[in-house]
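# Remarks on the overall topology
Read off the chains here:
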Amino acid sequence: MATQEFITHSPEETIALGRTLAAMLTPPKVVLLRGDLGAGKTTLVKGIAEAFHASSADDVTSPTFTLIHEYGNGRVYHIDLYRLDTPAQVATLGLDEIFDREAVVLIEWGEKFTKLMPEGKIEIHLDSGGPDPDTRQITIG
Ligand SMILES: Nc1ncnc2c1ncn2[C@@H]1O[C@H](COP(=O)(O)OP(=O)(O)O)[C@@H](O)[C@H]1O
Ligand SMILES: [Mg+2]
């Protein structure tokens, strides 16, 4: 996939971009969402989940503590591995079984456990490092 780059200037624009990017995500698909805390990973998931008619944006919340959220009867999974430290902890989640499903699986902090991520995954990078606090550079592919 050729790399595509986008700039958003507000959370609403990032949600809208998530709706657009969803067209590029044909299930089964695993997507690593990469970027610092507050970069907008969870915000982007709101738009993706909406596009799959899996959830309203407001009902998508961070799975920081719950680790896995499932939306739309398993059409979309949203996983956050930030709080996990070891592959053994990740193994308890049964991710392989989720990866086998006909779903779009969106993972925050999956790059901490590269060996446990499936082949064929794609990556979306979110960068909040610019001078404007509300600007995000979002790269897919
Ligand atoms: N352009 C933007 N896109 C996404 N979030 C933004 C943007 N500008 C400001 N924000 C704010 O940045 C934060 C992003 O939070 P969140 O999506 O939970 O990040 P992450 O999941 O990467 O930790 C929110 O508080 C949001 O309001
Ligand atoms: Mg998040």
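See the structure above.
To keep things clear, this report deals only with the structure shown in the data block.

So, how was this worked out
- Residues numbered from 1 in each chain as written.
- Chains lettered and ligands numbered in written order.
- Predicted model: local features only at pLDDT ≥ 70, side-chain atom pairs only at ≥ 80, totals over all residues.
- Heavy atoms only, no water.
- Pairing = 2+ DSSP bridges.
- Helix = DSSP H or I, 4+ residues; strand = E, 2+ residues; numbered from the N terminus.
- Axes fitted to C-alpha atoms, helices over the stretch in contact; angles between N-to-C directions.
- Contact = heavy atoms within 4.5 Å.
- Donors = N, O, S within 2.8 Å, 3.2 Å for Na, K, Ca; no water.
- Buried < 20%, exposed > 50% of the residue type's maximum accessible area, 1.4 Å probe, protein only.
- Core = buried A, V, L, I, M, F, W, Y, C linked by side-chain atoms within 4.5 Å.
- Polar contact = N/O pair within 3.5 Å; in protein donor to acceptor, adjacent residues only side chain to side chain.
- Near = heavy atom within 4 Å.
- Areas by Shrake-Rupley, 256 points an atom, 1.4 Å probe, with all protein chains shown as cover.

### Let's talk about the sheet that holds strand E7 (residues 136–140)
Whether parallel or antiparallel, the strands of a sheet pair through hydrogen bonds between backbone atoms. Read across the open sheet, the seven strands follow the order E1-E7-E6-E2-E5-E4-E3; overall the sheet is mixed. The two strands at the open ends of the sheet, each matched to only one other strand, are strand E1 (4–8) and strand E3 (68–71). Taking the axes of each pair of neighbouring strands and ignoring which way they run, one obtains an average angle of 20 degrees across the sheet. Together, E1, strand E6 (122–127) and E7 form the strand contacts of helix H1 (residues 11–21), whose direction differs from that of E1 by roughly 150 degrees.

### Details of the coordination of the magnesium ion (ligand 2)
For the magnesium ion (ligand 2), every protein donor is listed as Thr 42 (OG1) and Glu 108 (OE), and the spread of their distances is 2.2 Å. Pair noted here: Thr 42 is in helix H2 (residues 41–51) and Glu 108 is in strand E5 (residues 104–108), with a separation of 66 residues, a long-range link. Residue classification places Thr 42 among the buried positions, given a relative accessible area of 16%. A relative accessible area of 3% means that Glu 108 is categorised as buried.

### Here we look at the nonpolar core
Judged by nonpolar contacts, the single largest core of 23 residues is most densely connected at Leu 44, Phe 52, Leu 106 and Ile 124. Of all the secondary structure elements, the ones that give two or more residues to this core are H1, strand E2 (29–34), H2, E5, E6 and E7. The biggest single contributor to this core is H2, with four residues. Those residues in contact with Leu 106 that lie beyond four places of it in its chain are Val 31, Leu 33, Val 45, Ile 48, Val 76, Tyr 77, His 78 and Ile 79. Core analysis: the second largest hydrophobic core is formed by 18 residues, Leu 32, Leu 67, Ile 79 and Phe 99 among them.

### A look at the environment of Glu 108
Residues Glu 108 and Ala 2 lie 106 residues apart in sequence; the distance between their C-alpha atoms is 22 Å. Those residues in contact with Glu 108 that lie beyond four places of it in its chain are Leu 33, Lys 41, Thr 42, His 78, Ile 79, Asp 80, Leu 81 and Tyr 82. A distance of 2.7 Å separates a polar atom in the side chain of Glu 108 from a polar atom in the side chain of His 78.

### Side note on the site of ligand 1
The environment of ligand 1 is made up of 16 residues, and the closest members are Thr 14, Gly 38, Lys 41, Thr 43 and Asp 134. Between Ala 39 and ligand 1, the recorded distance is 3.2 Å, taken from a backbone N or O atom to an oxygen atom. Side-chain polar atom of Arg 136 to an oxygen atom of ligand 1: 3.0 Å apart, as the coordinates give it. Taking 570 Å² as the accessible area of ligand 1 by itself, protein coverage stands at 74%. Broken down by secondary-structure element, the contributors of at least two residues to the shell around ligand 1 are H1 and H2.

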